[in-house]
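# Chains, contacts and geometry: an overview
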Amino acid sequence: MFSLSFLNSSTSQIVSDLKTKGYFVCEQALIEQCVEELLQEVDFNKILVNTNDVGVVIAYDQKFLTHCLAHSKKSFDIITSQKVLDICKQYFDDNYKLTNHRIYQTSKVGNMPWHTDNNLQIGKKLVSKHDMPGLLFLFYLSDVTKNAFQLVKDSHIWSPKFNHEIYLTESFIDSKYKKDILTFSMKKGTLILCDIHAVHRAEPFQDKTYTRSTLLFQVDQVGSEYVGHGEKNIVNTEYLDNLNLEVMEYLGFGFKRNYPAFPSTSAATMTPEDIFSLQKQLLPQMFKAFTKKLVTSLLPGKIVVNIKRILWLLKDNKKTPKNN
Ligand SMILES: O=C(O)CCC(=O)C(=O)O
Ligand SMILES: [Fe+2]
């Protein structure tokens, strides 16, 4: 899963970089095969529409699989890996929790403003900034040449001064910190790990042919005064082959979660192109549903059941059971 260069990076060095510089980067921390296997678990072309499962949703030019702990064993393994837990254990000096996670694909345009991720929410609304320590893990799942993650050097030190702001403007950052902007245009598999108090964004871009895929998760040192901080972690129990107290605490077993899954989506957050392509998929299904409805409304229920029985027997070439 992880490359030797990441596994061999000393955890105390990573933590020391995080404490001093506010970030740590490891190019190709995930091996290529792991990225491929992870992406195979996520079908960004299959969108949830009355589907009784977790899956992909659309928010404008981004597609999200938020509940990846329930749908992707590879992302579960990365998020709960010993290396990640060891970094967290050394970085935090109290209990830490996974507060959100998602896999997403950004296409065509991106306009993310400069921000920090120390957000407190009421429902889906960001209401204020908190001072809990926290770490943002971001893995590139595609080669990133545009829409790269950007971070303002040393901003984890001064960002609390701007806790009254939800975003920082481009003109403010350009006028005061242009020379401190780091742009991480890097290969598939790269890990960017940073203090959630660091000012960052995905560099704005516009290119109809470009797509970036990412796995992101955030871990916060959630104190007792912040019960409810975080999104719920929906986990596929099949994946829990490493369950121990450390993982349970980290995933927040028995811990309240008040925030809804990010992003909040509905048919209204789909682009006209996505709605059109969905209509094309729905049209044949609509005719099928109408035909079915017509047949079942014309034929008495008993006959329908008998037809189904006959088809079943013919299909499997079974003998009629004695009691029928
Ligand atoms: O995708 C990125 O580069 C940054 C994402 C981010 O900062 C966020 O979702 O809060
Ligand atoms: Fe962020």
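If you're wondering where the values come from, they're calculated on a predicted model, not measured in any experiment.

Another point: the overall build of the protein chain. Helix and strand counts for the protein chain come out as 10 helices and 14 strands. With the C-alpha coordinates aligned to their principal axes, the bounding extent of the protein chain is approximately 80 × 45 × 40 Å. Counting all 324 residues of the protein chain, 30% fall into the buried class. Sequence-distant contacts, at least 24 apart, represent 83% of the contacts inside the protein chain between residues at least 6 apart.

Every buried residue belonging to helix α2 (residues 11–20) is among Ile14, Val15 and Leu18, and all of these are buried. The buried residues of α2 occupy an angular sector of 95° when the element is viewed end-on, so they sit on one face. When the buried face of α2 is taken as reference, the exposed residues oriented beyond 90 degrees from it are Ser12, Gln13 and Thr20. Buried-residue contacts for α2 involve β1 (23–26), α5 (82–91) and β10 (191–195). Looking at the residues trailing α2, positive phi occurs at Gly22, about 90°.

We now examine the domain arrangement of the protein chain. By a widely used convention, the size of an interface equals the accessible area lost when the partners come together. Its domain assignment divides the protein chain into domain 1 (4–269) and domain 2 (275–316). Taking the mean C-alpha position of each, domain 1 and domain 2 sit 44 Å from one another.

Two numbers describe how α2 lies on α5: the axes approach to 9 Å, and their chain directions differ by 55°. Here α5 runs oblique to α2, going by the angle between their axes. Where α2 crosses over α5, the two elements pack in a sense that is right-handed. Taking contact as the criterion, the partners of Thr11, Ser12, Ile14, Val15 and Leu18 in α2 are, on α5, Asp86, Ile87, Gln90 and Tyr91.

Our next topic: the nonpolar core. Among the nonpolar cores identified, the biggest contains 53 residues, and Leu135, Phe137, Phe139 and Leu193 are the most heavily contacted of them. With 5 residues, the top contributor of residues to this core is strand β7 (residues 134–140). Excluding anything up to four places from it in sequence, Phe139 contacts Ala29, Leu30, Ile78, Gly189, Leu191, Thr214 and Leu215.

In the vicinity of ligand 1, the contacting residues are Asp117, Phe149, His200, Ala202, Thr214 and Leu216. The set of elements that each furnish at least two residues to the shell around ligand 1 consists of β11 (200–202) and β12 (205–220). Residues belonging to the shell around ligand 1 are distributed by class as follows: 3 nonpolar, 2 polar and 1 charged.

As a further point, take the sheet that holds strand β4 (residues 97–110). Read across the sheet, 7 strands follow the order β1-β10-β7-β12-β4-β3-β2 without closing on themselves; strand pairing throughout is antiparallel. A strand with exactly one partner marks an edge of an open sheet, and here the two such strands are β1 and β2 (57–59). For this sheet, the mean inter-axis angle between neighbouring strands, taken without regard to orientation, is 20°. Here 4 bridges tie strand β3 (residues 62–65) to β4, and the two strands are oriented antiparallel to one another. From the neighbouring strand, Gln62 faces β4, where its bridge partner is Thr106.

Take the pairing of β12 next. One ladder, built from 13 bridges, connects β4 with β12; its direction is antiparallel. Counted as the bridge partner of Gln105 is Ser213 from β12. With 7 bridges connecting them, β7 and β12 associate as antiparallel partners. In the strand pairing of β12, Phe139 is matched with Leu215.

Here the focus is unusual backbone geometry. Going from Phe262 to Pro263, the amide bond is cis rather than trans, its omega being -5°. With respect to the helices and strands, Pro263 occurs in the loop between β14 (257–259) and α9 (272–298). The backbone phi angle of Tyr60 is positive, close to 60°, even though this residue is not glycine. Backbone geometry at Asp154 places phi at a positive 65°, although glycine is not the residue there. Counting through the fold element by element, Asp154 comes out in the loop between β8 (149–152) and α6 (155–158). Residue class for Asp154 comes out partly exposed when judged on the 15 C-beta atoms lying within 10 Å of it.

The rules behind these values
- Residues numbered from 1 in each chain as written.
- Chains lettered and ligands numbered in written order.
- Predicted model: local features only at pLDDT ≥ 70, side-chain atom pairs only at ≥ 80, totals over all residues.
- Helix = DSSP H or I, 4+ residues; strand = E, 2+ residues; numbered from the N terminus.
- Buried ≥ 20, exposed ≤ 12 C-beta atoms within 10 Å, placed from the backbone.
- Contact = placed C-beta atoms within 7 Å.
- Arc of directions from axis to C-beta.
- Domains from an automatic or database assignment.
- Axes fitted to C-alpha atoms, helices over the stretch in contact; angles between N-to-C directions.
- Parallel < 35°, antiparallel > 145°, perpendicular 65-115°, else oblique.
- Left-handed = near helix turned anticlockwise from the far one by under 90°.
- Core = buried A, V, L, I, M, F, W, Y, C linked by C-beta atoms within 7 Å.
- Near = placed C-beta within 6 Å.
- Nonpolar A, V, L, I, M, F, W, Y, C, P; charged D, E, K, R; others polar.
- Pairing = 2+ DSSP bridges.

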